[in-house]
Amino acid sequence: MCSALRNRTGEVLLPGDEFSFDTDDTISLTGPVKPEKVVCGPGLRRSEDRLLVCKSGVLRHKPPNLFWMDSQQRRYVPAKGETIIGIVTVKSGDVFKVDFGGSEQASLSYLAFEGATKRNRPNVQVGDLVFSQFLLANQDMEPELVCVDSSGRANGMGVFGEGGLLFTVSLGLVRRLLTLHSEILSDLKHLFPCELVMGMNGRLWVKSCSLQQTLVISNLLQSCDNMTAQQRQGLFRRVAQGAL
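Residues numbered from 1 in each chain as written. Predicted model: local features only at pLDDT ≥ 70, side-chain atom pairs only at ≥ 80, totals over all residues. Heavy atoms only, no water.

Asker: Could you clarify how one ought to interpret the pattern of salt bridges in this entry?
Answerer: For side chains bearing opposite charge, pairing can occur when the charged atoms are close. Scanning all chains against the criterion turns up 10 salt bridges. Between glutamate 142 and lysine 97 there is a salt bridge, and its shortest N-O distance comes to 2.4 Å. With glutamate 142 in the loop between strand S11 (129–136) and strand S12 (144–146) and lysine 97 in strand S9 (residues 95–99), the pair connects residues that are 45 residues apart, well separated along the chain. The partly exposed category is assigned to lysine 97, whose relative accessible area is 24%. Residue aspartate 187 pairs with arginine 232 through a salt bridge whose shortest N-O separation is 3.4 Å. Taken together, the positions of aspartate 187 in helix H3 (residues 183–188) and arginine 232 in helix H5 (residues 229–240) put the pair 45 residues apart, joining distant regions of the chain. Shared partners join several salt bridges into a network, and the residues in it are Arg60, Asp70 and Arg175. (Salt bridge = Lys/Arg side-chain N within 4 Å of Asp/Glu carboxyl O. Helix = DSSP H or I, 4+ residues; strand = E, 2+ residues; numbered from the N terminus. Buried < 20%, exposed > 50% of the residue type's maximum accessible area, 1.4 Å probe, protein only.)

Asker: Where do I start with the sheet that holds strand S7 (residues 66–70) in this structure?
Answerer: Adjacent strands of a sheet pair through backbone hydrogen bonds, lying either parallel or antiparallel. The 4 strands are arranged S1-S6-S7-S3 in an open sheet whose pairing can be described as mixed. Looking at strand neighbours, the two that pair on one side only are strand S1 (12–13) and strand S3 (39–40), the edges of this open sheet. Sheet topology note: the S1/strand S6 (residues 57–62) ladder contains 2 bridges and is antiparallel. Within S6, the residue paired with valine 12 across the bridge is valine 58. (Pairing = 2+ DSSP bridges.)

Asker: Quick question: what am I supposed to make of the environment of glycine 16 here?
Answerer: Its location among the elements puts glycine 16 in the loop between S1 and strand S2 (18–20). A relative accessible area of 56% means that glycine 16 is categorised as exposed. Along the sequence, glycine 16 and methionine 200 sit 184 residues apart, while their C-alpha atoms lie 25 Å from each other.

Asker: Explain the sheet that holds S2 here, please?
Answerer: Here we have 3 strands laid out as an open sheet, ordered S2-S5-S4, and antiparallel in their pairing. Every other strand in the sheet has two partners, leaving S2 and strand S4 (44–47) as the edge strands with one partner each. Across this sheet, the average inter-strand angle for adjacent strands is 20 degrees, counted without regard to direction. Relative to strand S5 (residues 50–53), S2 runs antiparallel, the two sharing 3 bridges. Within S5, the residue paired with glutamate 18 across the bridge is leucine 52. (Axes fitted to C-alpha atoms, helices over the stretch in contact; angles between N-to-C directions.)

Asker: Would you explain the nonpolar core in this entry?
Answerer: Nonpolar side chains tend to gather and get buried jointly when the protein is soluble and globular. One finds Leu108, Leu204 and Leu221 to be the most contacted residues of the largest nonpolar core, which totals 46 residues. Ignoring any residue separated from it by four or fewer positions in sequence, one finds leucine 221 in contact with Phe167, Val169, Leu173, Leu177, Ile184, Leu188, Leu196 and Leu204. Judged by nonpolar contacts, the second largest core, of 11 residues, contains Phe19, Leu44, Leu59 and Met69. (Core = buried A, V, L, I, M, F, W, Y, C linked by side-chain atoms within 4.5 Å. Contact = heavy atoms within 4.5 Å.)

Asker: Looking at this structure, how should I read the packing of helix H4 (residues 211–223) against H5?
Answerer: Helix packing geometry: the angle between the two helix axes and the distance between the axes. In the contact formed by H4 and H5, the axes pass within 11 Å of each other and the chain directions differ by 165 degrees. Taken together, the axes of H4 and H5 are roughly antiparallel relative to one another. In this structure, the crossing between H4 and H5 has a hand that is right-handed. Residues Val216, Leu220 and Ser223 of H4 pack against Leu235, Phe236 and Val239 of H5. (Parallel < 35°, antiparallel > 145°, perpendicular 65-115°, else oblique. Left-handed = near helix turned anticlockwise from the far one by under 90°.)

As C-alpha cells, then:
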C-alpha cells in the first residue's frame, strides 16, 4: 500500500478512490520483513484492508509513512493530536466549553492545564483564547481538548492572546505556514518582527510592535491565500519599500 500511495503523491484524488493492500505488504510467516504501517492524516480513512479517500484534494506524503489530503477548505474537522486556537464560551463547574470553528464546541477540563489541581485552578475566563490540542476527536463523541502534552508539560499551550489580533484564513494556508521551511514566513520575518500563533483550525493570532504593523501583517497573510509565489514576493517587496 505504501508504494501505491507514494506513486500517487501529488495527484488529485476524489472521494471514493481507494487503495488496497499489495501482496508485498502482507505479513510473511517465514520471512523477517515486517509490513509497513500507513499513518492516515486528514482526508484519508482506514477500512479493514482498504484505505479510502473521503476528501477531494492533492495527496501529500511526509516520510516515512504519513499521508494526507491537501485541500482548500474553511470548515475544520477535528483530528486527534492537532493543535488549535479556541475561544472559551462557557464556564460551568469543572469544564470549559471552547469554540474552535467546528460543527460543535469542545470541552476543556480545568485539570487539563500544567500544574492544575483541585485547589490550584487555572485563571480562565469567558472570551479568553486558548492554544490547545485535541485529546479526543471522534465523530460519535464530544471533542475534548487539553493544554498539556503527553509528558504533562504545557509546551507553549494554555491561555494567551493579550494585545494581539485574531483572524481566520483557509486551512490550506495554515498547513503551508506550518511546513518546515515556509517561504511565506521566510519573507514575512524580513518585514516586521512579530509573534505568530497558528492553529490547525484556520485561526491565526499575531502581535507586533504597533497596531499598524499588526494590521499590515494580518492583511498580508490573508492576501497570501490566493496568490502565487511571484505575486506574494512582489507584494512583500512593495510593503518593504513603503509603497503600500
